[in-house]
Amino acid sequence: MWGFPLFPEQASTVAGQIDLLYFALVGLSLIFAGILPFVVLYLIVRYHRSMKADRSNPINSSLKLELTWSIIPFILSMGVFFWSTFLFFQINADPDDPLEIYVIGKQWMWHLQHPNGKRENNELHVPVGQPIKLIMTSQDVIHSFYIPAFRLKKDVVPGRYTTMWFEPTKTGEYHLFCAEYCGTEHSAMIGRVVVLPLPDYQRWLTTEEPAILPDGSTISTGVSSDSGGSMAEIGAQVFQQQGCVSCHRTDSAARAPVLNNIFGKPTSLASGETLTVDEEYLRESILRPQAKITVGYGPIMPTFEGQLTEDQVLQLIAYIKSLSDVDANEENQ
Ligand code: CUA
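Analysis parameters
- Residues numbered from 1 in each chain as written.
- Predicted model: local features only at pLDDT ≥ 70, side-chain atom pairs only at ≥ 80, totals over all residues.
- Heavy atoms only, no water.
- Helix = DSSP H or I, 4+ residues; strand = E, 2+ residues; numbered from the N terminus.
- Buried < 20%, exposed > 50% of the residue type's maximum accessible area, 1.4 Å probe, protein only.
- Contact = heavy atoms within 4.5 Å.
- Phe/Tyr/Trp six-rings, centres within 6.5 Å; stacked < 30°, edge-to-face > 60°.
- Core = buried A, V, L, I, M, F, W, Y, C linked by side-chain atoms within 4.5 Å.
- Pairing = 2+ DSSP bridges.
- Axes fitted to C-alpha atoms, helices over the stretch in contact; angles between N-to-C directions.
- pLDDT = per-residue confidence, 0-100.
- 1 Å grid on protein atoms, 1.4 Å probe; cavity = no way out; pocket = protein on both sides within 12 Å on 5 of 7 lines; lining within 4 Å.
- Points joined across faces, edges and corners; volume = space filled by probe spheres on them.
- Parallel < 35°, antiparallel > 145°, perpendicular 65-115°, else oblique.
- Left-handed = near helix turned anticlockwise from the far one by under 90°.
- Salt bridge = Lys/Arg side-chain N within 4 Å of Asp/Glu carboxyl O.

Q: What's the story with the overall build of the protein chain in this structure? I'm lost.
A: For the protein chain, the helix and strand inventory stands at seven helices and 14 strands. Counting the 333 residues in the protein chain, one finds 37% classified as buried. Sequence-distant contacts in the protein chain: of pairs separated by 6 or more residues, those separated by 24 or more amount to 63%.

Right under this line is the structure:
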């Protein structure tokens, strides 16, 4: 802006709108803060004891004046309220069919995992022009995932998942910060978001070649793909190793709910409640199985609290999600 970078680039679909709201708020504040002191100063001088002024008919009330100074600020503040509420909902509503990436915050780094199993640390590679959804949790304390160029920030909280979505509009590299004080090296918990053209992103996902930006410059992908398969495939292995499969079977001997095609669907609980199966519910059911019992089953599942890493919980969830994807596709065919 004006050749002087007062603001970070606007690199997501919501960045421009958030800036507009910000400038409107600053503008409104400037108008009032700019006018009021001068009015006060003027009145101090105009009606100073030493000044000649007509004081014969003091005004006790003026309906017109009072209505004016009530209604105008009311309209302005309601305008700001509805405007920002609209933006808030837009930012928080999940987009259709986003690319999901899993984020784990820990003292003091960001660990990211793509659905195909590719992992990276303190770097997030994403394709331009695609909605991306981050499913985030922390391994220790509260962190906050902050990308100024996207005008987005969300707390990353231990023990639960928070989500955030964005759609990058420009290729390039952008700052990634932790925006919640999380200990000694909080200020070093930084990284970058690399936005690539879609073909480059797909190549990056499957190779370790440096990515080439449209301007011809190359950027190192900076990671090794240590993946032993996609997240869902690793999740399937965890599912076997932890013995989940001995109860969650599709045959009639199953003592536990079949997990095929449950993700994103409503499920009934023994308590009479109904809820939609999402990441948060799966996480709770893995770590604290007694919290919500599916109707028709007994509270017999052991807890896996403390026995699985955050990575493994995410992989299990990716596996269970993949069971739903398969069924959904089969139904469509
Ligand atoms: Cu993590 Cu500050």
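Q: Quick question: what am I supposed to make of the packing of aromatic side chains here?
A: Each pair of aromatic rings is reported with the distance of its centres and the angle of its planes. On inspection of all chains with the given rule, the structure shows eleven aromatic pairs. Arranged with centres 5.7 Å apart and planes meeting at 70 degrees, the rings of Tyr22 and Phe23 form a pair that is edge-to-face. Residue Tyr22 is classed as partly exposed on the basis of its relative accessible area, which comes to 42%. Residue Phe23 is classed as partly exposed on the basis of its relative accessible area, which comes to 35%.

Q: Honestly, the nonpolar core in this entry has me stumped. Any pointers?
A: Note that soluble globular proteins tend to have their nonpolar side chains buried in a common cluster. Formed by 34 residues in total, the largest nonpolar core has its most connected members in Trp110, Leu124, Leu134, Phe145, Phe150, Phe166 and Val193. In terms of residue count, the dominant contributor to this core is strand β10 (residues 190-196) (four residues). Judged by nonpolar contacts, the second largest core, of 26 residues, contains Val238, Phe239, Leu282 and Ile320.

Q: What exactly am I supposed to notice about the sheet that holds strand β2 (residues 109-113) here?
A: In a beta sheet, neighbouring strands are held together by backbone hydrogen bonds and run either parallel or antiparallel to one another. Ordered by their spatial adjacency, five strands build an open sheet running β3-β2-β1-β5-β8, and the pairing between neighbours is mixed. At either end of the open sheet lies a strand with only one pairing partner, and these are β3 (119-121) and β8 (162-166). Pairs of neighbouring strands in the sheet enclose a mean axial angle of 25 degrees, with direction left out of account. When β2 meets β3, the two strands line up antiparallel, connected through three bridges. Paired with Gln113 across the strands is Arg119, a residue of β3.

Q: Teacher, can you tell me more about the confidence of the model for the protein chain here?
A: As a note on interpretation, predicted positions should not be read in detail where pLDDT is low. Per-chain confidence: the protein chain averages 83 in pLDDT, with 89% of residues scoring 70 or above. For the protein chain, the element scoring lowest by mean pLDDT is strand β11 (residues 211-212), at 50; strand β6 (residues 143-147) scores highest, at 94. Predicted confidence is poor over residues 221-225, with pLDDT under 50, and the contacts of this stretch with residues over four places away or in other chains come to 18 contacts. With pLDDT under 50 throughout, residues 327-333 is counted as low confidence; its partners more than four residues away or in other chains account for four contacts.

Q: Would you explain the layout of surface pockets in this entry?
A: Regions of empty space are outlined by a rolling probe, equal in size to a water molecule, passed over the atoms. The volume enclosed by the largest pocket comes to roughly 640 Å³. Looking at the largest pocket, it is lined by 32 residues, and the ones nearest its centre are His248, Ala256, Pro257, Ser285 and Met301. Contributing elements (two or more residues each) for the lining of the largest pocket: α5 (244-247), α6 (279-287) and α7 (310-332). Examining the composition of the lining of the largest pocket, we find that four residues originate from one element, α6, more than from any other.

Q: Any chance you could explain the packing of helix α1 (residues 15-46) against helix α2 (residues 63-92) here in plain terms?
A: How two helices pack is summed up by the angle between their axes together with the distance between the axes. Contact geometry for α1 and α2: axes closest at 11 Å, N-to-C directions at 160 degrees. Viewed along their axes, α1 and α2 adopt a mutual orientation that is roughly antiparallel. The crossing of α1 and α2 is left-handed. Each of Gln17, Ile18, Leu20, Leu21, Ala24, Leu25, Leu28 and Phe32 in α1 lies in contact with α2, whose residues at this interface are Leu76, Val80, Trp83, Ser84, Leu87, Gln90 and Ile91.

Q: Hey, could you run me through the pattern of salt bridges in this one?
A: Oppositely charged side chains can form a pair if their charged atoms are brought close together. As enumerated under the stated definition, the model contains twelve salt bridges in all. With a shortest N-O distance of 2.5 Å, Glu100 and Lys321 are connected by a salt bridge. A residue pair is termed long-range when its members are at least 10 positions apart, and Glu100 in strand β1 (residues 99-106) and Lys321 in helix α7 qualify at 221 residues. Several salt bridges share partner residues, and in doing so they unite Glu100, Glu279 and Lys321 into one network.

Q: I keep staring at unusual backbone geometry and nothing clicks. Help me out?
A: The bulk of non-glycine residues show a negative phi, and the bulk of peptide bonds are trans. A cis amide bond links Gln107 to the next residue, Trp108, at an omega of -5 degrees. Mapped onto the secondary structure, Trp108 falls in the loop between β1 and β2. Phi at Asn122 is positive, roughly 55 degrees, even though this residue is not glycine. Here Asn122 lies in the loop between β3 and β4 (123-127). At Arg151, a residue that is not glycine, the phi angle is positive and equals roughly 60 degrees. Along the polypeptide, Arg151 turns up in the loop between β6 and β7 (152-156). Exposure remark for Arg151: the relative accessible area of 15% places this residue in the buried category.

Q: I tried to follow the pairing of β4 on my own but got confused; where do I start?
A: Within a regular strand, the side chains alternate between the two sheet faces. Burial analysis of β4 places five of its five residues in the buried class, the great majority of the element. The pairing of β4 with β10 spans five bridges and is classified as parallel. When the sheet's bridge partners are listed, Pro127 is paired in β10 with Leu196.

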